[in-house]
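Below, each chain spelled out in residue letters.
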Amino acid sequence: LSKLMRDIVTGSLAAQQEYQKAIEDIGIARLLDAKRVDEDTSLRESRAMVRKAREAVQRMREKIPEMQAKARETIEKSSLSDSTKRQALRGFDASRKQNDAVAQESVDLESQMIDGLSEAVEFLGSHRGSWSAVNGQFEFTDQGALDEYEAIRKAVDELGKKQQALAAQLMQRQRERIDQM
């Protein structure tokens, strides 16, 4: 039973790491790089990055119930004794609702962050005359534009902190499950 559950949890961790790699490969960390945005005068590259990030979030959102169904099926088809299998399924089903909620909340936060980043990019595009890229930073000539941009960034940063804390909590729970097995 412990090997079976360890394999299920490990599969979940692998899916999360795969998602993180996909986001990193898109280059989302560079989305608001001042020099990159300055050179992307049409915002074509920026919008493509946002679109790809949204697609990655959607794939992860769709993958959550698939992973849960696969995990349950793995338990059902295992060679465990009937009583051990029933016990494992009861435990799985009992924690599934909470695990699904945490995973969905994490994906929702990630989606909101992407929306916020998109808002920042669109803001920069529509206020091109009020900023310039200086030493890798946005330098605004209009205080109102600076204040609005900083408010957008602050909101994205807060979502990022929440998402990172939730992801760390989820990873820790899964590691604890592995250690308990």
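Criteria and thresholds
- Residues numbered from 1 in each chain as written.
- Predicted model: local features only at pLDDT ≥ 70, side-chain atom pairs only at ≥ 80, totals over all residues.
- Heavy atoms only, no water.
- Helix = DSSP H or I, 4+ residues; strand = E, 2+ residues; numbered from the N terminus.
- Axes fitted to C-alpha atoms, helices over the stretch in contact; angles between N-to-C directions.
- Parallel < 35°, antiparallel > 145°, perpendicular 65-115°, else oblique.
- Contact = heavy atoms within 4.5 Å.
- Nonpolar A, V, L, I, M, F, W, Y, C, P; charged D, E, K, R; others polar.
- Salt bridge = Lys/Arg side-chain N within 4 Å of Asp/Glu carboxyl O.
- Buried < 20%, exposed > 50% of the residue type's maximum accessible area, 1.4 Å probe, protein only.
- Phe/Tyr/Trp six-rings, centres within 6.5 Å; stacked < 30°, edge-to-face > 60°.

Chemist: Tell me about the environment of Asp 157, residues and numbers included.
Modeler: Tracing the backbone shows Asp 157 in helix H5 (residues 143-180). Between the alpha carbons of Asp 157 and Leu 117 there is a distance of 9.7 Å; along the sequence they are 40 residues apart.

Chemist: Before we move on, can you summarise the packing of helix H1 (residues 2-26) against helix H3 (residues 44-76) with the specific residues and values?
Modeler: Relative orientation of the contacting elements H1 and H3 amounts to 175 degrees, with a least axis distance of 10 Å. When the axis of H1 is compared with that of H3, the two are roughly antiparallel. Across from Leu 4, Met 5, Ile 8, Ala 15, Gln 16, Glu 18, Tyr 19, Ile 23 and Ile 26 in H1, the residues of H3 making contact are Met 49, Lys 52, Ala 53, Ala 56, Val 57, Met 60, Lys 63, Met 67, Ala 71, Thr 74 and Ile 75. Of the residues contributing to the contact of H1 with H3, the split by class is 15 nonpolar, two polar and three charged.

Chemist: Outline the pattern of salt bridges, supporting the account with residue identities and numerical values.
Modeler: For the structure shown, the criterion picks out 14 salt bridges. Its salt-bridge partner being Lys 35, residue Glu 39 comes within 3.7 Å of it at the nearest N-O pair. Of this pair, Glu 39 and Lys 35 both sit in helix H2 (residues 34-39), separated by four residues, roughly a single helical turn. One exposure class covers both Glu 39 and Lys 35, and it is exposed. Put simply, Asp 157 and Arg 153 hold a salt bridge, and the shortest N to O gap is 4.0 Å. Linking Asp 157 with Arg 153, this pair stays in helix H5, spanning four residues, or about one helical turn.

Chemist: Explain the environment of Lys 52 to me, and be specific about the residues and the numbers.
Modeler: Along the chain, Lys 52 falls in helix H3. Lys 52 gets classed as partly exposed once you look at its relative accessible area, which sits at 41%. Linking Lys 52 and Ser 12, residues 40 residues apart in sequence, is a C-alpha distance of 22 Å.

Chemist: Summarise the environment of Leu 166; cite the residues concerned and give the values.
Modeler: Within the secondary structure layout, Leu 166 lies in helix H5. Given the relative accessible area of 8%, Leu 166 is considered buried. As for Leu 166 and Ala 34, which are separated by 132 residues in sequence, their C-alpha atoms are 29 Å apart.

Chemist: Pulling in residues and values, what's your account of the packing of H3 against helix H4 (residues 82-126)?
Modeler: Geometrically, a packed helix pair is captured by the angle between its two axes and the distance between the axes. Two elements in contact, H3 and H4, have axes whose closest approach is 10 Å; the angle formed by their N-to-C orientations is 180 degrees. The orientation of H3 with respect to H4, classified from their angle, is roughly antiparallel. A per-class count over the contact of H3 with H4 returns 16 nonpolar, six polar and 13 charged.

Chemist: Describe the packing of aromatic side chains, listing the residues and the values that go with them.
Modeler: With the rule as written, the count across this model stands at four aromatic pairs. Summarising the aromatic geometry, the rings of Phe 123 and Tyr 149 are spaced 6.4 Å apart at their centres and angled 25 degrees between planes, so their arrangement reads as stacked. One end of the pair, Phe 123, is in helix H4; the other, Tyr 149, is in helix H5, with 26 residues separating them in the sequence. Between Phe 138 and Tyr 149, the aromatic rings sit 5.4 Å apart at their centres with planes inclined by 65 degrees, giving edge-to-face as the arrangement. Taken together, the residues span a long stretch of sequence, with Phe 138 in strand E2 (residues 137-140) and Tyr 149 in helix H5 at a distance of 11 residues. In this structure an aromatic cluster arises from ring pairing among Phe 123, Trp 131, Phe 138, Phe 140 and Tyr 149.

Keep in mind that these numbers describe shape and distance, not what the molecule does.
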